[in-house]
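The residues making up each chain are set out below.
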Protein chains: 4
Amino acid sequence: MNILILGDIYGRPGRKAVKEKLPQLITQYQIDFTIVNGENASGGNGLTTKNAKELLNQPIDVVTMGNHVWQQKEFLETIEDFPQIIRPLNYPEPCPGKGYGIFECRLKNDEIKKIAVVNLSGQIFMPALDNPFNRISPIMDELKNSADLVLIDFHAEATSEKIAFGYFMDGFATAVYGTHTHVQTADERILPLGTAYITDIGMTGPLDGVIGVDREIILETMLTKRPKRFETATGAVQINGIMLEIDEIENKVIRITRLYETIEENKK
Amino acid sequence: MNILILGDIYGRPGRKAVKEKLPQLITQYQIDFTIVNGENASGGNGLTTKNAKELLNQPIDVVTMGNHVWQQKEFLETIEDFPQIIRPLNYPEPCPGKGYGIFECRLKNDEIKKIAVVNLSGQIFMPALDNPFNRISPIMDELKNSADLVLIDFHAEATSEKIAFGYFMDGFATAVYGTHTHVQTADERILPLGTAYITDIGMTGPLDGVIGVDREIILETMLTKRPKRFETATGAVQINGIMLEIDEIENKVIRITRLYETIEENKK
Amino acid sequence: MNILILGDIYGRPGRKAVKEKLPQLITQYQIDFTIVNGENASGGNGLTTKNAKELLNQPIDVVTMGNHVWQQKEFLETIEDFPQIIRPLNYPEPCPGKGYGIFECRLKNDEIKKIAVVNLSGQIFMPALDNPFNRISPIMDELKNSADLVLIDFHAEATSEKIAFGYFMDGFATAVYGTHTHVQTADERILPLGTAYITDIGMTGPLDGVIGVDREIILETMLTKRPKRFETATGAVQINGIMLEIDEIENKVIRITRLYETIEENKK
Amino acid sequence: MNILILGDIYGRPGRKAVKEKLPQLITQYQIDFTIVNGENASGGNGLTTKNAKELLNQPIDVVTMGNHVWQQKEFLETIEDFPQIIRPLNYPEPCPGKGYGIFECRLKNDEIKKIAVVNLSGQIFMPALDNPFNRISPIMDELKNSADLVLIDFHAEATSEKIAFGYFMDGFATAVYGTHTHVQTADERILPLGTAYITDIGMTGPLDGVIGVDREIILETMLTKRPKRFETATGAVQINGIMLEIDEIENKVIRITRLYETIEENKK
Ligand SMILES: [Fe+2]
Ligand SMILES: [Fe+2]
Ligand SMILES: [Fe+2]
Ligand SMILES: [Fe+2]
Ligand SMILES: [Fe+2]
Ligand SMILES: [Fe+2]
Ligand SMILES: [Fe+2]
Ligand SMILES: [Fe+2]
């Protein structure tokens, strides 16, 4: 069984790349279940209802989010229409939407695997949501009892917090993968007790911008320290993510593989 | 011509790995010039005079530093004894030590290449040193006129600042490589105007800790938010870095390659 | 009934000022109950067991703490020996010590008032403890039922978070007073629903330092951005705090008054 | 000679209070020169060209700014039309506008005093502008030679940085006063070498909001950690500031006095 997870879909270029390449990736790698991070899918800022529908019309099973989840004001009201969309679990309660879900995945042999997907936000250099380490503990029993696999999108900035969370879940989760920095890391591995881990799976969006944004704009803000309206970069696109190969008998991850593809700009 | 750069040497395990493996790496990859980041070489916290000498007794040409440079108080007084050690250029003046240096590298054909090595610290999620973008501008002419190659260790946390700096130097520097997060990124490439770039080259130190520190200690601080004295992790070690292949005629980088080796613990 | 609350006792000068002046203040203002913040009482960094005893040998009823509470490692083990010492409630559980306590205060007419004292830490520009707004809610019933008066030391940096917390508690708490910035604010007042409020009650410690520390040391760190060992400032001392006048029939605060005294250095 | 300085004018309520009360304050306290901080004058966010004109139609001599100075995009283009408006000096160069100005003040006896007004932004918990301590040094000679009095609006968050800057300027500046936190502090005094100092002069705007913003909105963001559009609070208004009494012979400050007035809401 193979699971594909794509890093933060950034703006129109990211959505377009998903639309054009996802079916082919699914075929090529015999993918059974697909997750994407959607926190930047609408112009870099959250997810509109329209774009949520657009993503879920692709062969995507679950969309996780991050600190940008509430950037589109309407989404507070529409998120509950989309059970496949998971926002960080550690927003203080009450909060619209769900922080985890258990999804069914029908394998080629018609077996059903139950896959728990959890989204958590880090606290270091991030908004002070509830402590993610302490927030997951009370649901661990439920996850263990209800799901065959547990996949955790740990959306965070600091490498220390991400690695620590990986070890915290080692032996419990099938995989802990980081998102948010928009740069894929090269440290994918199976931790000592069997959990697949990577600090960041990267971004699916413009290759030649600065984490999605037009680079001239960012350079101007760095040089002047004056604010400037962000615009999505144009040109070539990168598709970043990971693939998890799962032992269907043991429900354990056998291999974590990075996916890092670039698509040249279509010069018409 | 080949240049080897190793990421933050962390504590005794990192120093030991350098001592044991660097000669072999230099032979295996026909390395002509070696740089390491030494900001964590002494117990994770800066660099003692003793460890500085120890590092420079290895086949290391230049040691760059970072935000931990002044952690060992004695180093403020001894740094100037080591012209091969470069601290972030953007500390406010006056400041002991140098923020860049121009070093000679004798190639196998006896030709001498002049290599400028610059160290800069980012500002985002970091101490507010002087603006690194504006700090480098006044020395660019000197670097261009005095050196055949310009290598920049951009020591920073935020991916946005690092990528932006890479573009800022694109076409001027031979390479801009990130340090500080202790996790190697998978985004190495040659930027459009010819500068080699990677967001972080990673760490040379304990594999199974949290960016160098014993993982149980870090987990306790994450769960409790109470401080705890850090200790260096033990066990297997990783050697992280990059190699740059240089066209000796054009003085341009042809290839950037990640180095990510792990050394199993010696079970006695 | 009158309550005296002194801001962060800083180092030996702060402790000395308390010892010398507190009895006189208690007499002069007919104080019935005294609280001090003790997070900086030992050299600016937390509270040693010895200094805890020393403070509690003065006519002090309760000592609240803050982000420095665990700076003296021994205190994790000894805090529970001191039921009069309250640390921020919103450290993740389990945590040594208590985040609130209910204390008895015998008035001149021998009536006993039950006074709840709560300590909470803000999250903005501070370590990410649990959300203080959400953390206090589950104990509000208990506080209301067990205590005649509720006093809250909200230890925080950002004025926005402190003012917001004041309004959040307005009508419930007798008083919400800020600590941590070491500078007394001039905004003391009774909020619309009856809670006394001030953004910061200030510091009891050296007058001519920088929030307690020798000013030459701090100036050097500001100019150079290099770390330097902190030392407590010497010279004149300030005693900062507030007094609350309570209507004993209604158990309501009638007046909040700032206390800001300075003691010239004893030139021998 | 008397100087009046008002803290951050916040939104329409702040502008209205200035319009209604400033003439009376000037008469009552025999004010010769008036400065206001205008960084929040337009809906809490920067200053529109229209509101800049409106402020300068009042008896205001100089408007200083802060981190919100570029919030109104148009202001980058219009700031230079207003020589009386001063933005933080330590924005990286080049930057529109000026970081200091020297203004003439005609006294009742027709003598002209030259008053330098400087605006600087702190770095702690603030955007990383250039180091304010190091940025002012190169202009100190010019200020000393060209002006009779030097007034510095140090716009910063951390009390440590503000107090340190006060000491740094002690004996050079006539006054260093803080802005930005929107809460007036009670620590006004003349420093040992003669400079008047206060950590924050407070805000001129809504009394019952949270540093200007509607308190229900802020409370919701604190409880939920979800973003919400800010709106200016309504109701009663506070006028915060300081007055400096100057010895016209010595050009030295004799007294610093806090101004803290509240205006009840006009119930129609
Ligand atoms: Fe993202
Ligand atoms: Fe994010
Ligand atoms: Fe490091
Ligand atoms: Fe570092
Ligand atoms: Fe304190
Ligand atoms: Fe504190
Ligand atoms: Fe302001
Ligand atoms: Fe401000």
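All figures in this text were calculated on a predicted structure; none of them were measured in a lab. (Residues numbered from 1 in each chain as written. Chains lettered and ligands numbered in written order. Predicted model: local features only at pLDDT ≥ 70, side-chain atom pairs only at ≥ 80, totals over all residues. Heavy atoms only, no water.)

Caption draft 1: The arrangement of the overall build of chain A in detail. Of the regular secondary structure elements, chain A holds 7 helices and 14 strands. For 268 residues, the compact-globule estimate of 2.2 N^0.38 gives 18 Å, and the C-alpha radius of gyration of chain A, at 18 Å, lies within 12% of that figure. On the principal axes, the C-alpha backbone points of chain A span a range of 55 × 40 × 35 Å. Out of the 268 residues in chain A, the part that is buried amounts to 64%. Counting contacts in chain A only where the partners sit at least 6 residues apart, residues at least 24 apart contribute 63% of the total. On chain A, roughly 10,200 Å² of surface is accessible, and the fraction owed to carbon and sulfur atoms is 46%. Averaged over its 28 positive side-chain charges, chain A has a centre that lies 5 Å from the centre of its 37 negative ones. (Helix = DSSP H or I, 4+ residues; strand = E, 2+ residues; numbered from the N terminus. Rg over C-alpha atoms; globule rule 2.2 N^0.38 Å. Buried < 20%, exposed > 50% of the residue type's maximum accessible area, 1.4 Å probe, protein only. Contact = heavy atoms within 4.5 Å. Areas by Shrake-Rupley, 256 points an atom, 1.4 Å probe, with all protein chains shown as cover. Lys, Arg positive; Asp, Glu negative; His and termini not counted. Charge placed at Lys NZ, Arg CZ, Asp CG, Glu CD.)

Caption draft 2: Up close: unusual backbone geometry. A cis amide bond, omega -5°, links Glu93(A) with the succeeding residue Pro94(A). By secondary structure assignment, the location of Pro94(A) is in the loop between β5 (85-86) and β6 (100-106). Phi at Asn251(B) is positive, roughly 55°, even though this residue is not glycine. Tracing the sequence through the fold places Asn251(B) in the loop between β13 (237-247) and β14 (252-263). At His182(C), a position not held by glycine, the phi torsion is positive, near 70°. Here His182(C) shows up in the loop between β9 (175-179) and β10 (189-190).

Caption draft 3: Representation of the relation of the copies chain B and chain C in the model. Each copy of the sequence occupies a distinct position, and chain B is placed on chain C by a rotation of 180° and an axial shift of 0.0 Å, giving an RMSD of 0.0 Å. A rotation of that kind, with that shift, is consistent with a two-fold axis. Residue Phe125(B) of chain B places its C-alpha closer to the rotation axis than any other residue of that unit, at 6.0 Å. The residues that chain B uses at the interface reappear at the interface of chain C in 100% of cases, marking a shared surface. (Least-squares fit on C-alpha atoms with pLDDT ≥ 70 in both.)

Caption draft 4: Region of the structure containing the coordination of the iron ion (ligand 8). All names here are of chain D. At 2.1 to 2.2 Å from the iron ion (ligand 8) lie its protein donor atoms, namely Glu39 (OE), Asn67 (OD1), His155 (NE2) and His180 (ND1). Around the iron ion (ligand 8), the 4 donor atoms are arranged such that angles at the metal cover 85 to 143°; this shape is classified as irregular. All donors of the iron ion (ligand 8) belong to a single chain; written as a sequence motif, their spacing is E-x27-N-x87-H-x24-H. Distance-wise, the iron ion (ligand 7) is placed 3.5 Å from the iron ion (ligand 8), both being coordinated by Glu39. (Donors = N, O, S within 2.8 Å, 3.2 Å for Na, K, Ca; no water. Tetrahedral: all angles 85-135°; square planar, octahedral: opposite > 155°, others 65-115°.)

Caption draft 5: Geometry of the interface of chain B and chain A. Facing the 37 residues of chain B at the interface are 37 residues of chain A. The salt bridge involving Arg189(A) is made with Asp208(B); its shortest N-O contact spans 3.0 Å. Applying the counting criterion to the chain B and chain A interface returns 16 residue pairs in polar contact (both at pLDDT 80 or more). When residues of the side of chain B that touches chain A are traced back to their parent elements, those giving at least two are α4 (132-136), α6 (159-169), α7 (215-224) and β14 of chain B. With 7 residues, α6(B) is the single largest residue contributor to the side of chain B that touches chain A. Partitioned by chemical class, the residues of the side of chain B that touches chain A number 19 nonpolar, 10 polar and 8 charged. (Salt bridge = Lys/Arg side-chain N within 4 Å of Asp/Glu carboxyl O. Polar contact = N/O pair within 3.5 Å; in protein donor to acceptor, adjacent residues only side chain to side chain. Nonpolar A, V, L, I, M, F, W, Y, C, P; charged D, E, K, R; others polar.)

Caption draft 6: Main features of the relation of the copies chain B and chain A. Take chain B, turn it by 180°, move it 0.0 Å along the axis, and it overlays chain A with an RMSD of 0.0 Å. Mapped onto chain A, 100% of the interface residues of chain B again fall at the interface, so both copies present the same surface.

Caption draft 7: Local environment of the packing of aromatic side chains. Using the criterion set out here, one finds 26 aromatic pairs over all chains in the structure. When the centroid spacing of 6.4 Å and the interplanar angle of 70° are considered together, the rings of Phe133(B) and Phe154(B) count as edge-to-face. Here Phe133(B), found in helix α4, pairs with Phe154(B), found in strand β8 (residues 149-155); they are 21 residues apart in sequence, far enough to count as distant. Both residues of the pair, Phe133(B) and Phe154(B), belong to the buried class. An aromatic cluster is built from Phe133(A), Phe154(A), Phe165(A) and Phe168(A), whose rings are joined through pairwise contacts. It is Arg215(A) that lies over the ring of Tyr167(B); its NZ or CZ is 4.4 Å from the centre. (Phe/Tyr/Trp six-rings, centres within 6.5 Å; stacked < 30°, edge-to-face > 60°. Lys NZ or Arg CZ within 6 Å of the ring centre and 35° of its normal.)

Caption draft 8: Examining the environment of Ser146(C) more closely. Residue and element names in this part refer to chain C. With respect to the element layout, Ser146 can be found in helix α5 (residues 140-146). Relative accessible area serves as the criterion here: at 28%, Ser146 is assigned to the partly exposed category. When sequence neighbours within four positions are dropped, the list of residues in contact with Ser146 reads Ile102 and Lys114. Engagement of the side chain of Ser146 in a polar contact is seen with the backbone oxygen of Glu142, the distance being 2.6 Å.

Caption draft 9: Focus on the environment of Pro92(D). With respect to the element layout, Pro92(D) can be found in the loop between β5 (85-86) and β6 (100-106). Each C-alpha atom, one on Pro92(D) and one on Ile124(D), is 17 Å from the other, the two residues being 32 residues apart in sequence. Setting aside anything within four residues of it in sequence, one finds Pro92(D) in contact with Leu223(A), Thr224(A), Lys225(A), Asn131(B), Asn134(B) and Asp130(D).

Caption draft 10: The arrangement of the nonpolar core in detail. Formed by 33 residues in total, the largest nonpolar core has its most connected members in Val118(C), Ile136(C), Ile152(C), Phe165(C) and Met169(C). For this core, the secondary structure elements donating two or more residues are β7 (112-121), α4 (132-136), α5, β8 (149-155) and α6 (159-169) of chain C together with α7 (215-224) of chain D. Contact partners of Val118(C), with chain neighbours within four places excluded, come to Leu89(C), Gly99(C), Tyr100(C), Ile136(C), Leu143(C), Val150(C), Leu151(C), Ile152(C) and Asp153(C). (Core = buried A, V, L, I, M, F, W, Y, C linked by side-chain atoms within 4.5 Å.)

Caption draft 11: Structural view of the sheet that holds strand β10 (residues 189-190) of chain D. All names here are of chain D. The strand order across the open sheet formed by 6 strands is β6-β7-β8-β9-β11-β10, and the pairing between neighbours is mixed. Each having just a single partner strand, β6 and β10 make up the two edges of the open sheet. Bridging between strand β7 (residues 112-121) and strand β8 (residues 149-155) involves 7 bridges; their strand directions are parallel. When the bridges of β8 are listed, Leu120 appears paired with Phe154. (Pairing = 2+ DSSP bridges.)

Caption draft 12: Up close: the pairing of strand β14 (residues 252-263) of chain A. All names here are of chain A. Relative to β14, strand β13 (residues 237-247) runs antiparallel, the two sharing 11 bridges. Each bridged residue has a counterpart across the sheet, and for Met243 the counterpart in β14 is Thr257. Counting the residues that bridge the hairpin from β13 to β14 gives 4 residues, and of these Asn251 lies at a positive phi of roughly 55°.

Caption draft 13: Seen up close, the confidence of the model for chain A. Chain-level statistics for chain A give a pLDDT mean of 97 and a share of 99% at 70 or above. Taken together, the chains of this predicted complex give a pTM of 0.98 and an interface ipTM of 0.97. (pLDDT = per-residue confidence, 0-100.)

Caption draft 14: Broad picture of the coordination of the iron ion (ligand 2). Residues and elements named next belong to chain A. Within the protein, the atoms that donate to the iron ion (ligand 2) are Glu39 (OE), Asn67 (OD1), His155 (NE2) and His180 (ND1), at distances of 2.1 to 2.2 Å. Considering all 4 donor atoms around the iron ion (ligand 2), angles at the metal cover 84 to 144° and the coordination shape is irregular. Look at where the donors of the iron ion (ligand 2) fall in the sequence and you get E-x27-N-x87-H-x24-H. Between the iron ion (ligand 2) and the iron ion (ligand 1), the interatomic distance is 3.5 Å, and Glu39 donates to each metal, bridging them. One end of the pair, Glu39, is in the loop between β3 (33-37) and α2 (49-56); the other, His180, is in the loop between β9 (175-179) and β10 (189-190), and 141 residues separate them in sequence. Residue classification places Glu39 among the buried positions, given a relative accessible area of 1%.

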